[in-house]
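Here is how the chains run, residue by residue.
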Amino acid sequence: MTTPNSVRTDLTTLITGLYRQALADPAIGPDCDFFEAGGDSLAAFQITAGLQEELGVDVPVALVFSYPAPADLAAAVEADLAEGVR
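Definitions and cut-offs
- Residues numbered from 1 in each chain as written.
- Predicted model: local features only at pLDDT ≥ 70, side-chain atom pairs only at ≥ 80, totals over all residues.
- Heavy atoms only, no water.
- Helix = DSSP H or I, 4+ residues; strand = E, 2+ residues; numbered from the N terminus.
- Buried < 20%, exposed > 50% of the residue type's maximum accessible area, 1.4 Å probe, protein only.
- Contact = heavy atoms within 4.5 Å.
- Areas by Shrake-Rupley, 256 points an atom, 1.4 Å probe, with all protein chains shown as cover.
- Core = buried A, V, L, I, M, F, W, Y, C linked by side-chain atoms within 4.5 Å.
- Expected span 1.5 Å × (residues − 1).

Focus: the overall build of the chain
Secondary structure summary: the chain contains 4 helices and 0 strands in total. Tracing the chain from N to C terminus, the helices and strands come up as α-α-α-α. Across the 86 residues of the chain, 38% fall into the buried class. Once local pairs closer than 6 in sequence are excluded, the contacts in the chain between residues at least 24 apart make up 56%. Carbon and sulfur atoms make up 52% of the accessible area of the chain, which totals about 4,900 Å².

Right under this line is the structure:
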C-alpha cells in the first residue's frame, strides 16, 4: 500500500530531478527556491512538461511560480491528484 508520505517523497524526488535538469544544477535540493536557482518561464515549462510526461497529468506552469521549492510543488501536485482536479 502506498502511503501519502511515500507519494509525496516520490513526487519530491521526481520534481527535484526535473528542477536539476531544467536549471542544469545538480546541487538543487527539495527546499531550493526556483527563482534563487535562476529559474525562468522556459525552465518552468520544462518542469511541467516533465511532470506531464511522468505522471500523465496536466500541471499548470503557474504552480511552479506559486510553489517554487520542489517539496512545496510536490505537496501541491499531490493535493491536486488526491482531489482528482488535474
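Next comes the rest of the description.
As for unusual backbone geometry
One non-glycine residue, Ala 24, lies in positive phi territory at about 50°. Positionally, Ala 24 belongs in the loop between α1 (4–23) and α2 (41–55). Residue classification places Ala 24 among the exposed residues on the basis of a relative accessible area of 67%.

Quick notes on the side chain of Thr 16
Looking at the secondary structure, you find Thr 16 in helix α1. In contact with Thr 16, not counting residues within four places along its chain, are Ile 28, Gly 29, Pro 30 and Pro 70.

Notes on the nonpolar core
Of all hydrophobic cores here, the largest spans 20 residues; its most connected members are Tyr 19, Phe 34, Ile 47, Leu 51, Val 64 and Leu 73. Those elements that place two or more of their residues in this core are α1, α2, α3 (61–66) and α4 (70–83). Residue contributions to this core peak at 6 residues, all from α1. If sequence neighbours within four positions are ignored, Leu 73 has contacts with Ile 15, Tyr 19, Ile 47, Leu 51, Leu 63, Val 64 and Tyr 67.

Side note on α4
Taking 1.5 Å as the rise per residue, α4 with 14 residues should run 20 Å; its terminal C-alpha atoms sit 20 Å apart, in good agreement. For α4, the full list of buried residues reads Pro 70, Ala 71, Leu 73, Ala 74, Ala 76, Val 77, Glu 78 and Asp 80. Of the residues one or two after α4, Gly 84 is the one with positive phi, at around 70°.

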